[in-house]
Structure formats: C-alpha cells, structure tokens
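# Examining the three-dimensional arrangement
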Amino acid sequence: VFIGLRFDESLMDSEFLSAPEELSKRLDDELPRNIALVKRVTTDYRLKDNRCFAGWYLPVEIANYRDDALQSERGWVRQLSRFTTKLVAACKAEVEKPVAVSPFFTGHFNDIHGRSDLVAPDIMSKNYTEYLKGTGINIVMLQDNVGVSRIHADDVERYVRPYRLSVE
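Cut-offs used in this document
Throughout this document, residue positions are counted from 1 along each chain, in the order its sequence is written. Residue-level local features of this predicted model are given only where pLDDT is at least 70; pairs of side-chain atoms are given and counted only at 80 or more, and the full residue set underlies all totals for whole chains, interfaces and linings. Each side-chain value is derived from all of the structure's non-hydrogen atoms; neither hydrogens nor water enter the calculation. Here, strands pair whenever DSSP counts at least two bridges between them. Helix and strand definitions here come from DSSP, where helices need a minimum of 4 consecutive H or I residues and strands a minimum of 2 consecutive E residues; each element is numbered from the N-terminal end. Space inside and on the surface of the protein is sampled on a 1 Å grid over the protein atoms alone, with a cavity defined as a set of points where a 1.4 Å probe fits but cannot get out and a pocket as an open set with protein on both sides within 12 Å along at least 5 of 7 lines; lining residues have an atom within 4 Å of a point. Grid points are joined across faces, edges and corners, and a volume is the space filled by probe spheres set on the points. Note that Gly is not counted as nonpolar here; it falls among the polar residues with everything else outside the nonpolar set of Ala, Val, Leu, Ile, Met, Phe, Trp, Tyr, Cys and Pro and the charged set of Asp, Glu, Lys and Arg. We call two N or O atoms a polar contact when they sit within 3.5 Å, provided that within protein one can donate a hydrogen and the other can accept it, with sequence-adjacent residues counted only if both atoms are side-chain atoms. Lines fitted to C-alpha atoms define the axes here, with helix axes fitted over just the stretch in contact, and angles between the N-to-C directions of these axes take values from 0 to 180 degrees. Helix crossings get a hand from a simple test, with the near helix turned counterclockwise from the far one by less than a right angle marking a left-handed crossing and a clockwise turn marking a right-handed one. Here a residue-residue contact requires only that any non-hydrogen atoms of the pair lie within 4.5 Å. In plain words, nonpolar cores are sets of buried Ala, Val, Leu, Ile, Met, Phe, Trp, Tyr and Cys residues tied together by side-chain atoms within 4.5 Å. Buried, partly exposed and exposed residues are distinguished by accessible area as a fraction of the type maximum, computed with a 1.4 Å probe on protein chains only: under 20%, between the cut-offs, and over 50%, respectively. In what follows, salt bridge is the name for a side-chain nitrogen of Lys or Arg lying within 4 Å of a carboxyl oxygen of Asp or Glu. Orientation categories follow fixed angle ranges, with anything under 35 degrees roughly parallel, anything over 145 roughly antiparallel, 65 to 115 roughly perpendicular, and all other angles oblique.

The next point concerns the pairing of strand β2 (residues 55-58). Successive side chains on a regular strand alternate, one facing one side of the sheet and the next facing the other. Both strand β1 (residues 2-4) and β2 contribute to a ladder of 3 bridges, which runs parallel. Residue pairing for β2: Phe-2 is matched across the bridge by Gly-55. As paired strands, β2 and strand β3 (residues 99-101) are joined by 3 bridges and run parallel to one another. Opposite Tyr-57, over in β3, you have Ala-100 as the bridge partner.

The next point concerns the layout of surface pockets. Gaps left between atoms are located by rolling a probe of water-molecule size over the structure's atoms. Approximately 170 Å³ is the volume attributed to the second largest pocket. Around the second largest pocket sit Pro-20, Glu-21, Ser-24, Leu-27, Asp-28, Leu-31, Glu-73, Arg-74, Gln-79, Arg-82, Phe-83 and Lys-86, which together line it. Listed by contribution, the elements that provide at least two residues to the lining of the second largest pocket are α1 (20-44) and α2 (76-94). If one sorts the elements of the lining of the second largest pocket by residue count, α1 sits on top with 6 residues. Its residues assigned to classes, the lining of the second largest pocket comprises 4 nonpolar, 2 polar and 6 charged.

If you trace the backbone, Arg-78 turns up in helix α2. Of note is the side chain of Arg-78, whose polar atom sits 3.1 Å from the side chain of Glu-130.

Orientation of α2 relative to helix α4 (residues 121-132), taken along the N-to-C sense of each, is 35 degrees, at an axis distance of 8 Å. For the pair α2 and α4, the sense of crossing is right-handed. Facing Trp-76, Val-77, Arg-78, Leu-80, Ser-81 and Thr-84 of α2, the residues of α4 in contact are Asn-127, Glu-130 and Tyr-131. Split into classes, the residues belonging to the contact of α2 with α4 amount to 4 nonpolar, 3 polar and 2 charged.

One non-glycine residue, Arg-46, lies in positive phi territory at about 45 degrees. Among the secondary structure elements, Arg-46 is positioned in the loop between α1 and β2.

Side chains of nonpolar character tend, in soluble globular proteins, to be buried together. Within the largest apolar cluster, 34 residues are counted, with the highest numbers of intra-cluster contacts made by Leu-5, Trp-56, Leu-58, Val-60 and Tyr-131. Residue assignment for this core shows that the elements contributing at least two residues are α1, β2, α2, β3 and α4. A per-element tally of this core places α2 first, with 7 residues. Contact partners of Leu-5, with chain neighbours within four places excluded, come to Asn-34, Leu-37, Val-38, Trp-56, Tyr-57, Leu-58, Pro-59, Leu-87 and Cys-91.

The next subject is the pattern of salt bridges. The full count for this structure, using the stated rule, is 11 salt bridges. The closest approach of N and O atoms between Glu-22 and Arg-26, which form a salt bridge, is 2.8 Å. Of the two residues, Glu-22 and Arg-26 both sit in helix α1, 4 residues apart, roughly one turn of that helix. Under the relative-accessibility criterion, Glu-22 is labelled partly exposed at 29%. Residue Arg-26 is classed as partly exposed on the basis of its relative accessible area of 26%.

To continue, consider the packing of α1 against α2. At a minimum axis separation of 10 Å, α1 and α2 run at an interaxial angle of 15 degrees. Taken together, the axes of α1 and α2 lie roughly parallel to each other. Handedness of the crossing formed by α1 with α2: right-handed. Residues Pro-20, Leu-23, Ser-24, Leu-27, Glu-30, Leu-31, Asn-34, Ile-35, Val-38, Lys-39 and Thr-42 of α1 form the contact with α2, whose participating residues are Trp-76, Gln-79, Leu-80, Phe-83, Lys-86, Leu-87, Ala-90, Cys-91 and Glu-94. Residue composition of the contact of α1 with α2, grouped by class: 12 nonpolar, 4 polar and 4 charged.

Spelled out as structure tokens, the structure:
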C-alpha cells in the first residue's frame, strides 16, 4: 500500500504557475501541512512496523504546462522541485520507503496546438527532468490522459510514447 499525501486543490489551478510569488506562498503553506500528515499517518498506522506499507505517493499532478521562467529559481518547475525535495526528505526521515509521483499530461497533440499554456512532449520532458532532478523520487508513474480524453487503445503508442521521461 502506498500512502498518498495532500496537495491543496487551489494548487491544481495552472494560473499559479505563472504567478511565482503566489505559488511560493501557497507551497510554503502546503509543506508543513504535508509534513504534519506524514508524521501523523506514520504514528497512527504504525508505518515503521507495517509490512503492508510500500511507500509514499505525492499527488503533485502538474501537467505539460509552459514555464516562462525555467532558468529562474522563481519558475514553477524549480519551485515545485524544491517543495518536492523537502517533502521527500520528510517522508524518508519518518519511514525509509520509496516515494512515487504521477505527473499528468494532455496527450492529444491537437489539444496542444493553439494553447499557449501547454508545451510539446520534448519540452515537457525537459521540464520534468529538471523538476525531478535531485528530489529523491523513486517511482514516476506517468499518467497518459487515456481515460479523460478517451484515447483509443490503438492510439496509446502514438500519444503516450513522446512523453517518456529520460531521467536517471
């Protein structure tokens, strides 16, 4: 069993990705809430001794959004990377188990064209490589938008393959 942590619904709104100061405030508010949750569930469910506990799941399900400040410490990619790094460290400090994350992307290429907030697969790969670098994440379960966009099974290879991440 993986234990999922929290990610405030307001952070799921992409408008904060282009508002670095607001994003920073919201992430600073979210981090202690998550760390408190890690400590509480570790105690309540005796995770240190629970053989069913396989790891932690971080619900940071950000999509293939553009980052105008990618080279800046203020950009959403680096802000979320710092947030994730601290949260992963807190999880592993309580119980040394794998930590998983499941980024989401819009797989239909037609959805990308004409949307200035979305990026192509090669740019998303670079963004997520930068996001994951040094975080301590052990498992990446890439969501493929198959259920939401009703991508037919025959089209999965065409829509999903370009989004494969090349993270070591």
